[in-house]
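Notes for the structure review
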Amino acid sequence: MALGLLLVAVALGLLLWNLWEAHQAQASVEELLPQVLEEIQKGEPVDQGDDPAVPDPVKEIGGQRVLGCLSVPRLGLTLPVLAQWNDSLLRMAPCRYAGGLNTGDLVIAGHNYRRHFASLSKLVPEDQVEFTDLDGVSHWYQVEAIDVLEATAVEEMVAGDYPLTLFTCTYGGKNRLTVRCGWLES
């Protein structure tokens, strides 16, 4: 009986930790998003310098290096996207995992927090996705495929001819829900 109570206490602790972490992520987005949108609306070109290794405009906003803003109208999501990823940054906002806008192979990772990528599974082919870079240029995509990949399938995650890929963990973290997007035909 004591072991059962201990296990219930551990499960409750994990639930509370996950809820706190999701709350912190939402607070980070709510703080950063207005600053990113303000920078985008200024419409001032971002100076990338002469470094050809810098594929996309990146700017420090609110103490973070930001790539732009992702909007998924069907889900009511508008999120800042950080220019690089690590575990700490991913807890704040979705992050560029690989590739870039200008190279046509941008991969964005996000946690499955309710305010981040938890609802990606509700997307269907032909849903629209917009990415606005810091120069104020909107890039429009449409969902072409939704896959579930193993957590270790890193090469599959970045492979393919998709200009935009979004991914998050499935519940339990065993696999990755992957949304592949092509250019929106006008």
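Residues numbered from 1 in each chain as written. Predicted model: local features only at pLDDT ≥ 70, side-chain atom pairs only at ≥ 80, totals over all residues. Heavy atoms only, no water.

This part covers a nonpolar patch on the surface. On the surface, Leu3, Leu6, Leu7, Val10 and Leu14 cluster together into a nonpolar patch covering about 500 Å² of accessible area. Turning to its location among the elements, Leu6 is positioned in helix H1 (residues 2–42). (Patch = residues over 30% accessible without salt bridge, like charges linked within 9 Å, V, L, I, M, F, W, Y side chains within 5 Å. Areas by Shrake-Rupley, 256 points an atom, 1.4 Å probe, with all protein chains shown as cover. Salt bridge = Lys/Arg side-chain N within 4 Å of Asp/Glu carboxyl O. Helix = DSSP H or I, 4+ residues; strand = E, 2+ residues; numbered from the N terminus.)

In this section: empty space enclosed by the protein. As enumerated under the stated definition, the model contains one cavity of 30 Å³ or more in all. Taken together, Asp105, Val107, Met157, Val158, Ala159, Gly160, Tyr162, Thr165 and Arg180 make up the lining of the largest cavity. Of the residues in the lining of the largest cavity, the class split is five nonpolar, two polar and two charged. (1 Å grid on protein atoms, 1.4 Å probe; cavity = no way out; pocket = protein on both sides within 12 Å on 5 of 7 lines; lining within 4 Å. Points joined across faces, edges and corners; volume = space filled by probe spheres on them. Nonpolar A, V, L, I, M, F, W, Y, C, P; charged D, E, K, R; others polar.)

Bringing the packing of aromatic side chains into the picture now. One pass over the structure, following the stated rule, counts three aromatic pairs. Ring centres 5.0 Å apart and planes at 85° place the aromatic pair Tyr97 and Phe167 in the edge-to-face group. Linking Tyr97 in strand E4 (residues 95–98) with Phe167 in strand E8 (residues 164–169), this pair joins segments that are 70 residues apart in sequence. The exposure class assigned to Phe167 is buried, which follows from its relative accessible area of 9%. Each member of the aromatic cluster is reached from another via a ring pair, and the members are Trp85, Tyr97 and Phe167. (Phe/Tyr/Trp six-rings, centres within 6.5 Å; stacked < 30°, edge-to-face > 60°. Buried < 20%, exposed > 50% of the residue type's maximum accessible area, 1.4 Å probe, protein only.)

This next bit is on the state of the cysteines. In total, this model carries zero disulfides according to the counting rule given. Counting only cysteine sulfurs, Cys69 is the nearest neighbor of Cys181, a cysteine outside any disulfide, at a range of 15 Å. Looking at Cys181, the relative accessible area reads 0%, which means it is buried. (Disulfide = S-S within 2.5 Å.)

Along the chain, Ala118 turns up in the loop between strand E5 (106–109) and strand E6 (128–133). Of the residues examined, Ala118 reaches a relative accessible area of 19% and is grouped as buried. Setting aside residues no more than four positions away along its own chain, Ala118 makes contact with His111, Asn112, Tyr113 and Tyr171. (Contact = heavy atoms within 4.5 Å.)

Tracing the sequence through the fold places Thr168 in strand E8. A residue is classified by how much of its surface remains accessible, and Thr168, at 2% relative accessible area, is buried. Within the local environment of Thr168, its side chain forms a polar contact with the backbone oxygen of His111, the two atoms lying 3.5 Å apart. A distance of 3.0 Å separates a polar atom in the side chain of Thr168 from the backbone nitrogen of Asn112. (Polar contact = N/O pair within 3.5 Å; in protein donor to acceptor, adjacent residues only side chain to side chain.)

This next bit is on the nonpolar core. Counting residues in hydrophobic clusters, the biggest one holds 45 residues, and the most contacted among them are Leu70, Ile108, Val129, Phe131 and Leu166. Here Val129 is in contact with Leu70, Ser71, Val72, His139, Trp140, Tyr141, Val143, Leu164, Leu166 and Cys181, once residues within four sequence places are set aside. (Core = buried A, V, L, I, M, F, W, Y, C linked by side-chain atoms within 4.5 Å.)

We now examine the pattern of salt bridges. Two side chains of opposite charge can pair, provided their charged atoms sit close to one another. As enumerated under the stated definition, the model contains five salt bridges in all. Close ionic contact of Glu39 with Lys59 constitutes a salt bridge, the shortest N to O distance being 2.7 Å. Of this pair, Glu39 sits in helix H1 while Lys59 sits in strand E1 (residues 59–61), and the two are 20 residues apart along the sequence. Since its relative accessible area comes to 15%, Glu39 is described here as buried.

Just distances and angles here, no functional claims.
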